[in-house]
Each structure stands twice: as structure tokens, then as C-alpha cells.
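As a plain string of letters, each chain reads:
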Amino acid sequence: MFETYKFENFLLNKRNRALLQQGKPLHLSQRAFEILLFLVERQGQIVTKESLLDEIWQGSFVEEGNLAVQMSALRNLLGEKRGEYKYIQTVTGKGYCFIANVEKQTVENLNQISAKIVTTDNDLSIAVLPFWNRSEDTDIDFLAEGIAESLISNLSQLPQLKVMAYSAVSGYQGPEIDLQETAFILGVSKILKGKILKLGNTLQVSVELINADDLTLIWGEQYEFQPEELFKLKKEISHKIVESLKLKLTKFETTKLDKQYTSSPTAYKLYLQGRHWMEERTEPKLFKSIEYFEKALKIDPNFALAYTGIADAYSYLGSYYFLRASEVVPKAKLAIQMAIALDENLSEAYCSLGFLYLFFDYNPNIVETSFKKSLGLNPNNALANNRYSIYMLNLQDYEKCFLYQNKALDLDPLSLVFNGGLTSRFYLFKDYAKAIIHGEETLALYPNHSYGFYYLAFAYSQMGIFKDAIDNIDKALTLNTSLEVLALKGHILALSGDEKAARKILSEIIDESQTKLIDFMDIAHIYSALGEKDKAFEYLERAREARMNHFCILKVDPRFKNLHSDPRFDEFLKKIGL
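These lines cover the structure that appears in this document, whether it is placed above or below. (Residues numbered from 1 in each chain as written. Predicted model: local features only at pLDDT ≥ 70, side-chain atom pairs only at ≥ 80, totals over all residues. Heavy atoms only, no water.)

## Side note on the overall build of the protein chain
Test applied: Each helix is a run of H or I in the DSSP string that is no shorter than four residues. Each strand is a run of E no shorter than two, and both are numbered from the N terminus. Relative accessibility thresholds used throughout: buried, under 20% of the residue-type maximum; exposed, over 50%; partly exposed, between the two (1.4 Å probe, protein chains only). Contact definition: two residues touch when any of their heavy atoms are within 4.5 Å. Think of it this way: Lys and Arg go in the positive column, Asp and Glu in the negative one, and His and the chain ends go nowhere. Lysine's charge is taken at NZ, arginine's at CZ, aspartate's at CG and glutamate's at CD.
The helix and strand inventory of the protein chain stands at 25 helices and 14 strands. Reported as C-alpha extents along the three principal axes, the dimensions of the protein chain are approximately 75 × 65 × 40 Å. Counting only residues that meet the buried cut, the protein chain has 56% of its 578 residues in that class. The contacts of the protein chain with a sequence gap of at least 6 include a subset with a gap of at least 24, amounting to 62%. With 66 positive and 75 negative side-chain charges, the protein chain shows a separation of 3 Å between the mean positions of the two kinds.

Given below as C-alpha cells:
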């Protein structure tokens, strides 16, 4: 007799270590199976994070974030919608609880339950991992990453293939990577991995395309090439992948697969370094990224992708209030114009263009056209999906907003920006319960994410749960002392009735605005919460004059709900194009 556990249309086979849905086996890693079994066997009980870590990792030092990553992937496998609990519930500060009804069953014959995982040709999803540099030469690191990144760029333009974003795979590098677990976490059926070794002036690369379910080799090859032959190598590997996956390409798709962004490996390396510096979004690193993009353009003036890097860096310098919009917008626009002039079929350029007109010079026609063009050229552009979702907020199109945001998360499931963005989508659509659920999940992945606490504070305040709102905004302030975070505390205090404390923060922010570049909308929403509509509209107008970048969500921002009944609000929306 063998034990099985049935919940909804799932069957968990303990002996065969398999999970079936309506009789169809699902792929999950061994560690994920152990976590699910541990929870199912304790259905209805709160299982602490410590007990799970001790049981599953058995004394090995591992961060709680690893557990949160596995939980996120498990929820996705079980079909839980983001922000909802159907099977596994997070118990804040304690652990997890399996909440679905479980029926324990026994079977006499193990063969009654198939445990064979069957991969279908329809499951066309791939993660291209950064190649492992086996040399001591650190200069090869960027070349190893560059091969993977350029493969992703080209493969992602094929609409029939799901290709994980480079940011999703960048942490999975080296010989110790568990490929089945990596594939499970990323939600793909195929893994491409490679090694690179420098032998004198020659580079040796070995590549393997692996079926993640059973680790069988689909295709493998070893190459020797010179550094200047990087793009020739990438083209050959791309075609081998397409051939191995039996993809049928049109002539136009073949052209996109063969696309070469620059003829210079050195320029491409500088471009990758620029993107690397851009990741943290700090003022010095954004300027550093621009330096690298400009160096790349000195080597190859026709490198359109480098211009999109410059455009994005300037846009971030404006959107994080390091520079005034009047300084960054002309430079970003010029860079985008150069990129499109050089390559009118560059998805990244239209993504940058849509972002610029969404945040700084709101123009719905340009925004809509740009994002559609970007996604038409590359449906796997995770950033374009994320940004288009923001545009759908303004249109108050709930379905499409979450469609595009979830597509971004499917392509980069562990992205801090995309997970935080989903939480903000929930609260901007006034779905505060889901905002809290997903906000807590994001904090499980990133415990020091200041905006995770910021979003929770926002949601709790709109629900009138002011103690939890203050607790969370104070946690955010310990991690991020920006005026934006402080302003939300002022807003919460005003809503809670603590007018004196709210005005003290308001005064502090206004004083700071004399010497610092801030978003006047942060002052406006405190006045809105205090019921001072004239002052709120005054600072909204000042924000408009300064081309502040959060107007694209003003129509749905609950912080300004006190102004909605005032005729001036609709007039203001018309003035800014909303």
C-alpha cells in the first residue's frame, strides 16, 4: 500500500515523488517536492520557516530568501494567481500554512500512478544561463555574459519561444548550479549552458542544450574561435537551438534571429558594462553607465542599442529626481531618435520612447504606439511589458494592466522591480487585500526592500488600519530616508487624524524643497489628506510646470481621492493629457 495525497485536482505521490494534475505529471524539483510534501502532511498547521529550512536544507546555511523563491515557484506551478492564497498561505512573521483540503489515499499498485514526466513539443521555453568563465582572466567574464545576453536578445524576438530575460538568469552561473531546480524556479523546460576557456589568443566554448525534466542532452557542441568572431559564434548557436527545438521560422524571423547590433565585441562589452552600472539606479552609477555607452559609441557610432542605454539612463536620472526633467528629456529624446534612425526595428528604442512620453511629456498616442511597436518586435521584452502595464493603469483597464505585468513577471519572476510593481498595481486599483498579500510575498524574497514596506503602508492606510500602516512606513524609513517615503508617512498621519504630526512632516519637506529637487506631488497628496484642496492644487500645478513624472497614475492614485469631487480635478487631468 502506498500513500498519496489528493487536493483539488492534484495528486501528490509520496513514494514515486511525483505531482500529478488531472493525471498529468508536472515538473518540479526535488527540493520543491520536499517542501510541498512537508506542508501537505501538516495541512492546516502553521509551519515555521525555521522548521522548513532545517528539514529541507538539513542544517546547511541558507538564507530565507531561498525558501521564498521556492514558494513563489510552487505557487506558480499550482496555478495560484499572484496576490491570492488558494493552497499555500504566508503567515506574516511566522511561516507558511497549506490551507487547501487534503484527502489521504492509498493505492495497492505503484503502477496505478504514472510518475513519468512527459515534455511536449508545445512547451517552448528556455533559459540561457551566463556562460561559465573557466579562465583566470576576468576580462573574459563580460565576454561570457555577452554571449548569453546576445543569444537572449536574438532568441527573444521569436514569438513562438518564451525566453527568460537576462536579469532573470544572471545569478545562475557556474558548475554547481542545480539545473532542474533552476528550470523549476524560472518555469522553463529547456536550459542552455556553456563554458568558456581562454587558450592563448584562442577562446574555447562548449555549449549544451538540456531538457530540464530529465537532464537529457538535446544538443551539444564545442567551438574554438577568436574574440572578434563572437557574433559569428552567436549566430551559429542560435540556429542550432532553433533547429534542435524544431522551430519553423519565417524569413523575417530568421532575419531577426541573425540580427547583429554591432560589429565590435569591444563596443558590445562596453555596452554590457553600461547596463551593469545602471542596475542600482543611483546617481553616480547612472552617470557611470552613460560614460560606458558613450565609449561604446566612439568605437561604433552606429551602435543603436548603446543610444537606448543613454536614453534610459537619462530617464532614470529624471524619474528619481537626480536631475530636472528639462535637463534629461532633450538628451533622452535625442538618444532615442539616433537609435531609431540607425535601427527602425529596435524593440528597446520604442520601449524607451514609450517610457519617456509616459512619464515626462504624457502623450497617449505616442505611448500606445511605442509600446505596441516594441512588443510587436519583441514580445519577450520584459521591460516593455512592465511599462505598458503602467500605461494601462491610467486607462483603468484592470485586465490588460495585470496581463502585461504578469507577462513581465513570467519572463523575470524574481525581479524586484516587477514584483514591487505588481503590488503597486493592486493598491492603485484599490485591491488592498491583494496588495498586502503580494507585498508580504515580495518582502519574503527581498527583506530589505524599502518600497515593499512602503506599499504595505499605503494599502493599510487606505483600509484605515493606521497602526500597521505606521509600523510599515517606519520600517521603510529605516531603509530609505527619501522625501517620497517621508511624505507617505505625512499622508498616513493626516488620514489617521494626527494633523499636528502630519504638518510637522509637511513643513520639513517644504523646507527641503528649497534646496533639493523633489516631486511636488508628494506635498500635494499630504495637503489632499489634510483637506486643503487649494494647496493641493497649487502643488499639483507646480509639479506640472516642473514636468514631474508620476502624473501617469494620477487618475487612479487613491492619495488624491479627496480631490475627485472638485471640478478642478477633471480640468487638471485634461490639462496634462489624462
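Alright, that's what it looks like, and here's the rest.
## Description of the side chain of Ser-189
Put simply, the rule reads: Any pair of N or O atoms that falls within 3.5 Å is considered a polar contact. Within protein, one atom must be able to donate a hydrogen and the other to accept it, and sequence-neighbouring residues count only if both atoms are side-chain atoms.
Turning to its location among the elements, Ser-189 is positioned in the loop between helix H6 (179–186) and strand S12 (190–199). Note on Ser-189: relative accessible area 1%, which makes it buried. Within polar-contact distance, the side chain of Ser-189 engages the side chain of Lys-190 at 3.2 Å. Those residues within four positions of Ser-189 in sequence are excluded, and the remaining contacts are Asp-123, Ser-125, Ile-210, Asn-211 and Ala-212.

## A word on the packing of aromatic side chains
Condition: Stacked, tilted and edge-to-face pairs are distinguished by plane angle, under 30 degrees for stacked and over 60 for edge-to-face with tilted covering the rest, among Phe, Tyr and Trp rings (Trp via its six-membered ring) whose centres lie within 6.5 Å. Look at NZ for Lys and CZ for Arg. If either is within 6 Å of the ring centre and within 35 degrees of the ring normal, a charge sits over the ring.
The full count for this structure, using the stated rule, is 30 aromatic pairs. Aromatic pair Trp-277 and Tyr-292: ring centres 6.5 Å apart, planes at 20 degrees, arrangement stacked. Within this pair, whereas Trp-277 is found in helix H9 (residues 265–278), its partner Tyr-292 is found in helix H10 (residues 283–299), the two being separated by 15 residues in sequence. For Tyr-292, a relative accessible area of 15% translates into the label buried. Here the aromatic residues Phe-231, Tyr-268, Tyr-271, Phe-293 and Phe-303 are joined through ring pairs into a cluster of three or more. The ring of Phe-38 is capped by Arg-42, whose NZ or CZ atom sits 3.6 Å from the centre of that ring.

## Examining the environment of Met-392
Tracing the chain through its elements places Met-392 in helix H15 (residues 382–395). Residue Met-392 is classed as buried on the basis of its relative accessible area, which comes to 3%. Residues Met-392 and Tyr-404, spaced 12 residues apart in sequence, show a C-alpha to C-alpha distance of 8.9 Å.

## Focus on the sheet that holds strand S6 (residues 88–91)
Sheet strands associate in pairs through backbone hydrogen bonding, adopting either a parallel or an antiparallel arrangement. Keep this limit in mind: Only when DSSP finds a minimum of two bridges between them are two strands counted as paired. The axes are straight lines fitted to the C-alpha atoms, using for helices just the contacting stretch, and the angles between their N-to-C directions are given from 0 to 180°.
The three strands are arranged S5-S7-S6 in an open sheet whose pairing can be described as antiparallel. With partners counted over all chains shown, the strands left at the sheet margins are strand S5 (47–48) and S6, one partner each. Pairing between S6 and strand S7 (residues 95–98): four bridges, direction antiparallel. Looking at S7, one finds that Val-91 is bridged to Gly-95. The strands touched by helix H1 (residues 30–40) are S5, S6 and S7; relative to S7, the strand with the most contacts, the crossing angle is about 70 degrees.

## So, the packing of helix H17 (residues 416–428) against helix H18 (residues 432–445)
Going by this rule: Our angle categories are set so that under 35 degrees counts as roughly parallel, over 145 as roughly antiparallel, 65 to 115 as roughly perpendicular, and the remainder as oblique. For a crossing to be left-handed, the near helix must be turned anticlockwise from the far one by less than a right angle; the clockwise case is right-handed. Each residue gets one label: Ala, Val, Leu, Ile, Met, Phe, Trp, Tyr, Cys and Pro are nonpolar, Asp, Glu, Lys and Arg are charged, and the others, such as Gly, are polar.
Between H17 and H18, the least distance of the axes is 7 Å, while the angle of their chain directions is 165 degrees. Put simply, H17 runs roughly antiparallel to H18. Our pair here, H17 against H18, has a crossing hand that is left-handed. Two secondary-structure elements touch here, H17 through Leu-416, Asn-419, Gly-420, Leu-422, Thr-423, Phe-426 and Tyr-427 and H18 through Tyr-432, Lys-434, Ala-435, His-438, Gly-439, Thr-442 and Leu-445. Looking at side-chain class alone, the contact of H17 with H18 contains seven nonpolar, six polar and one charged residues.

## Focus on the pattern of salt bridges
Our working rule: Salt bridges, as used here, are contacts in which a Lys or Arg side-chain nitrogen is within 4 Å of a carboxyl oxygen on Asp or Glu.
This structure, assessed with the given rule, holds 28 salt bridges. One salt bridge connects Glu-41 with Lys-14, and the closest N-O pair in it is separated by 3.0 Å. Residue Glu-41 is located in the loop between H1 and S5, and its partner Lys-14 is located in the loop between strand S2 (10–13) and strand S3 (18–21); the two are separated by 27 residues in the primary sequence. Taking relative accessible area as the criterion, Glu-41 reaches 32% and is therefore assigned partly exposed. Classification of Lys-14 as partly exposed rests on a relative accessible area of 33%. Between Arg-17 and Glu-34 there is a salt bridge whose closest N-O contact spans 2.3 Å. Here Arg-17, found in the loop between S2 and S3, pairs with Glu-34, found in helix H1; they are 17 residues apart in sequence, far enough to count as distant. Linked through salt bridges whose partners overlap, the residues forming this network are Lys-14, Glu-41 and Arg-42.

## Looking at helix H22 (residues 499–512)
Put simply, the test is: Here the expected length of a helix is defined as 1.5 Å per residue gap, with one fewer gap than residues. When we speak of the arc, we mean the arc of directions from the helix axis to the C-beta atoms.
Under the 1.5 Å per step criterion, the end-to-end length of H22 is 20 Å for 14 residues, consistent within 8% with the ideal 20 Å. All of the buried residues in H22 are Ala-502, Ile-505, Leu-506, Ile-509 and Ile-510. The buried side chains of H22 occupy one side of the element, clustering within an arc of 135 degrees when seen end-on. In H22, those exposed residues whose orientation departs by more than 90 degrees from the buried face are Lys-500, Lys-504 and Asp-511. Where H22 is buried, its residues touch helix H21 (483–496), helix H23 (520–530) and helix H24 (533–545).

## As for the packing of H10 against helix H11 (residues 304–319)
In helix packing, the relevant descriptors are the interaxial angle and the interaxial distance, both defined with respect to the helix axes. One way to put it is that H10 packs onto H11 with a least axis distance of 9 Å and a crossing angle of 160 degrees. Looking at the two axes, H10 sits roughly antiparallel to H11. When the axes of H10 and H11 are compared, the crossing they make is left-handed. Here Glu-283, Leu-286, Phe-287, Ser-289, Ile-290, Phe-293, Glu-294, Ala-296 and Leu-297 of H10 come into contact with H11, specifically with Ala-306, Tyr-307, Gly-309, Ile-310, Ala-313, Tyr-314, Tyr-316 and Leu-317. Of the residues contributing to the contact of H10 with H11, the split by class is 13 nonpolar, two polar and two charged.

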